[in-house]
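# Observations on the three-dimensional arrangement
Below are the chains, spelled out letter by letter.
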Amino acid sequence: MSRPHTFYKVEKKSAEITGTGTVIWDPADNKRFILTDLILNVTAAATVTIFDETDSTARLDLRIFKGDLAAKQTEKFTFESSGFPSDAQNNILRGTTTAGTLYVTAIGYEDN
């Protein structure tokens, strides 16, 4: 999805997640999110999942991250090249934590 010489407005979305399937980024109609950076921080030891629209074992390719983080741990991900695009237009970036509060900052842009 390389778009040479095209400039996009950088979007920064933040969320505080304490449960399942919380919205991090809901792109504009008929757009998809493209992640360039993702920052995660948890207040308690937890299993954290970040996913594109649906978290299902039938579609593991929609999981951006799933892992166990220690209390107060911070993880940063940078998606090289032109970023990590959502699977389809109108998909929502969501997150889940099994304990504590998960703080998420998602940076990227929206495109068709």
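Our subject in this report is the structure included herewith. Every value quoted in this text rests on a predicted model; they were computed, and no experiment measured them.

Scanning the protein from N- to C-terminus turns up 0 helices and 9 strands. Along the chain direction, N to C, the helices and strands of the protein fall in the order β-β-β-β-β-β-β-β-β. Structurally, the protein occupies a C-alpha span of about 40 × 25 × 20 Å along its principal axes. Burial statistics for the protein: of 112 residues in total, 39% are counted as buried. Taking contacts inside the protein between residues at least 6 apart in sequence as the whole, the part at least 24 apart equals 82%.

With that settled, the discussion passes to the pattern of salt bridges. Applying the stated criterion across every chain, the model contains 6 salt bridges. Between Glu 11 and Lys 9 there is a salt bridge; the shortest N-O distance is 3.8 Å. Accessibility expressed as a relative area gives 16% for Glu 11, which makes it buried. Taking the relative accessible area as the measure of exposure, Lys 9 reaches 63% and is therefore exposed. Glu 11 is the partner of Lys 13 in a salt bridge, and the nearest nitrogen-oxygen pair spans 3.4 Å.

Next up on the list: unusual backbone geometry. Notably, Lys 72 is not glycine yet its phi reads approximately 65 degrees, a positive angle. With a phi angle near 70 degrees, Asn 90 is a residue other than glycine that sits in the positive phi range. Inspection of the secondary structure puts Asn 90 in the loop between strand 7 (84-85) and strand 8 (93-97).

Turning our attention to the side chain of Asp 52. With respect to the helices and strands, Asp 52 occurs in strand 4 (residues 46-52). One buried charged residue, Asp 52, forms no salt bridge at all, with the nearest opposite charge on Arg 59 at 6.9 Å. With sequence-adjacent residues up to four places away left out, Asp 52 is seen in contact with Phe 33, Leu 62, Ile 64, Ser 86, Asp 87, Asn 91 and Ile 92.

We now examine the sheet that holds strand 5 (residues 63-69). Taken in spatial order, the 4 strands of this open sheet run 2-8-4-5, and their pairing is antiparallel. At either end of the open sheet lies a strand with only one pairing partner, and these are strand 2 (22-25) and strand 5. With strand direction ignored, the average angle separating the axes of adjacent strands in the sheet is 20 degrees. With 3 bridges joining them, strand 2 and strand 8 adopt antiparallel strand pairing. Pairing of Trp 25 across the sheet is with Leu 93, part of strand 8.

Conventions adopted
Residues numbered from 1 in each chain as written. Predicted model: local features only at pLDDT ≥ 70, side-chain atom pairs only at ≥ 80, totals over all residues. Heavy atoms only, no water. Helix = DSSP H or I, 4+ residues; strand = E, 2+ residues; numbered from the N terminus. Buried < 20%, exposed > 50% of the residue type's maximum accessible area, 1.4 Å probe, protein only. Contact = heavy atoms within 4.5 Å. Salt bridge = Lys/Arg side-chain N within 4 Å of Asp/Glu carboxyl O. Lys, Arg positive; Asp, Glu negative; His and termini not counted. Pairing = 2+ DSSP bridges. Axes fitted to C-alpha atoms, helices over the stretch in contact; angles between N-to-C directions.

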